[in-house]
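Fold and contact review
Below, each chain spelled out in residue letters.
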Amino acid sequence: MTTTSYWLHTPQNSVKHQTDVLIVGAGITGLSLAYWLKKISPHTKVSIVDEGNFGRGATGRNAGFNTAGSTHYLAHLLQKHGEAHARTLWTFKQESLRLMREEIFSRLECGFQQWGSYTLYRDQARMEEHASVVARLHEGACPQVSGADLQTRGLSGFAGALTFAHEACLSPKLFLEQLSSLLKSQGVEFFLNEKILWAENQSWIGTRRSFEASQTFLALNGYLPRFDKTLNWVAPKRAQMVALDFYHNKLSGNYYDPDHKVYFRADPLAASSTLLVGGMRLLEEATENDDEDKVSAVIQHALQHYAESLFTQKFQVRARWSGVMGFSSNELPFMRDLAGLKNCRFVGGYSGHGMGMAFGVARVAVLKALGQACAEEHLLQGDQG
Ligand SMILES: Cc1cc2nc3c(=O)[nH]c(=O)nc-3n(C[C@H](O)[C@H](O)[C@H](O)COP(=O)(O)OP(=O)(O)OC[C@H]3O[C@@H](n4cnc5c(N)ncnc54)[C@H](O)[C@@H]3O)c2cc1C
């Protein structure tokens, strides 16, 4: 258990910082909000505060799939939300990816690689069923890859895969570094290693400073209930990953294996080949619904065992880590005002898909905050549960 003394917890003679828009959280949500604020309203003074350094939260810990989700997930959207809403949501996610390509990846070197995503199927009939879902909801082709083709990639035991050819990967670290540098060059101020403790009379009290702003965005992901336990609008869920030495240099693409709830890809930027594997959180669902940064033997063993069985080789482990996702009650992102605080909103609830979606969500949130019309505004209403 860690404790904080009265002296460190209570700001003494704290410096006051005045800004137009305060963003709490320097992950992809916080940086994307700042990006759109500066693009739409360049003279707005924007300040970003984070308890840690860049990448402390999920944005520095994920698999780097720049994705709208697997074909399995698309079938889930259809089942859960019906055809019309599923199509709208899917189109919104595609638009977010397009905006990232146009606004970010075309100008910043973020390790972006448009190498497609593959949802793997062991059952041919299931793959055909999902192919027909894709045909109904997705604009553009989703080619099928045969089991024999997958075998040439070293992936055996599959009937085939469905592919979204335009999907991509990125380097979370480069993304954070590059986007924050761009924002600094546009005058955005960063206050790192500064935890916001509470809000009081429209002031945000941090460990060393207090902040006053006309508008505030809380971009806290699954850490929101830790900041204020009455704000239990998102449920923290831990996700674990492992990075393995990998002697296979042909694997390109993002892979989902829904039967095992695993995702994996190689890191094309690593000096020596590396395989990144994540998922399997449902093996310990009860204890994984938590925001503590830790790995468990059960899940780590399962991830490593999965990779070793699939590629029939033993791997050396390079890194094991965890991160926190913020799940909303309907698993869709939302923006919500905080009661009792003027112009203060939470933005998040990506439920595990923020690296593709947060950029598009931030655009809508900023347009709304600036009082500008936006056709997709209704998509961020959440279920207000
Ligand atoms: C292991 C893992 C793998 C994933 N893989 C993918 C993937 O491949 N593709 C994908 O689309 N999504 C993936 N996700 C989800 C994705 O990473 C998240 O949806 C996204 O990063 C959320 O971004 P965010 O900016 O909202 O939150 P975060 O990046 O978590 O940022 C929140 C920030 O708030 C700060 N903070 C918290 N409390 C305070 C406070 N009191 N004061 C100041 N600062 C505070 C934290 O330090 C943190 O930096 C994955 C998540 C995990 C954990």
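Residues numbered from 1 in each chain as written. Predicted model: local features only at pLDDT ≥ 70, side-chain atom pairs only at ≥ 80, totals over all residues.

**A look at the overall build of the chain**
- Along the backbone of the chain there are 10 helices and 18 strands.
- Summarising its shape, the C-alpha atoms of the chain cover approximately 65 × 45 × 40 Å along the three principal directions.
- Of all 385 residues assigned to the chain, the portion counted as buried reaches 44%.
- In the chain, the proportion of contacts linking residues at least 24 apart, taken out of those at least 6 apart, comes to 73%. (Helix = DSSP H or I, 4+ residues; strand = E, 2+ residues; numbered from the N terminus. Buried ≥ 20, exposed ≤ 12 C-beta atoms within 10 Å, placed from the backbone. Contact = placed C-beta atoms within 7 Å.)

**Topic: the nonpolar core**
- Among the nonpolar cores identified, the biggest contains 107 residues, and I23, L33, A34, V277, V347, A362 and A365 are the most heavily contacted of them.
- Residue contributions to this core peak at 11 residues, all from helix α3 (residues 71–105).
- For this core, the two domains that each supply at least three residues are domain 1 (12–62 + 173–234 + 330–380) and domain 2 (114–168 + 235–325).
- When sequence neighbours within four positions are dropped, the list of residues in contact with L33 reads I23, F217, A219, V347, A362, A365 and V366. (Core = buried A, V, L, I, M, F, W, Y, C linked by C-beta atoms within 7 Å. Domains from an automatic or database assignment.)

**Quick look at the site of the ligand**
- Surrounding the ligand, one finds 42 residues, the nearest of these being G27, G57, N221, G323 and G354.
- Ranked by the residues each element gives to the shell around the ligand, the list is headed by helix α10 (residues 354–369), at four residues.
- Split by residue class, the shell around the ligand holds 19 nonpolar, 18 polar and five charged. (Near = placed C-beta within 6 Å. Nonpolar A, V, L, I, M, F, W, Y, C, P; charged D, E, K, R; others polar.)

**With respect to the environment of A243**
- Topologically, A243 is positioned in strand β12 (residues 235–245).
- The exposure class assigned to A243 is partly exposed, which follows from the 19 C-beta atoms found within 10 Å.
- When near neighbours in sequence (up to four residues on either side) are disregarded, A243 contacts T274, L276, R318 and A319.

**A few points about the packing of helix α2 (residues 28–40) against α10**
- The contact between α2 and α10 brings their axes to 8 Å, and the two run at 40°. The pairing of α2 with α10 is recorded here as oblique in orientation. The element α2 and its partner α10 pack so that their crossing is right-handed. The segment α2 lies against α10, with I28, T29, S32, L33, W36, L37 and I40 engaging G354, M355, A358, F359, A362, R363, A365 and V366. (Axes fitted to C-alpha atoms, helices over the stretch in contact; angles between N-to-C directions. Parallel < 35°, antiparallel > 145°, perpendicular 65-115°, else oblique. Left-handed = near helix turned anticlockwise from the far one by under 90°.)

**Overview of the sheet that holds strand β5 (residues 144–146)**
- Strands sit in the order β5-β6-β4-β13-β14-β15-β12-β16 across an open sheet of eight strands; the sheet is mixed. This sheet does not close on itself; its edge strands, each paired only once, are β5 and β16 (317–327). Shown here is a sheet whose adjacent strand axes are inclined to one another by a mean of 25°, direction ignored.
- Pairing of strand β14 (residues 262–266) with strand β15 (residues 274–279) involves five bridges; the strand directions are antiparallel. By the bridge assignment, R265 is partnered in β15 with L276.
- Together, β4 (117–121), β5 and β6 (160–164) form the strand contacts of helix α4 (residues 124–137), whose direction differs from that of β6 by roughly 15°.
- Against the sheet, helix α9 (residues 297–310) makes contact with β12, β14, β15 and β16, and its axis sits at roughly 45° relative to β12, the strand it touches most. (Pairing = 2+ DSSP bridges.)

**Details of helix α6 (residues 172–185)**
- Under the 1.5 Å per step criterion, the end-to-end length of α6 is 20 Å for 14 residues, consistent within 8% with the ideal 20 Å.
- Among all positions of α6, only P172, F175, L176, Q178, L179 and L183 are buried.
- Lining the buried residues of α6 we find α2 and α3.
- Following α6 by one or two positions, G187 has its phi on the positive side, about 95°. (Expected span 1.5 Å × (residues − 1).)

**A short note on the environment of S322**
- Looking at the element boundaries, S322 is found in strand β16.
- S322 sits in the buried class, given 22 other C-beta atoms within 10 Å.
- As a C-alpha pair, S322 and D291 span 31 residues in sequence and 9.5 Å in three-dimensional space.
- Not counting residues within four places of it along the chain, the set of residues in contact with S322 comprises R238, A239, Q240, D293, K294 and V295.

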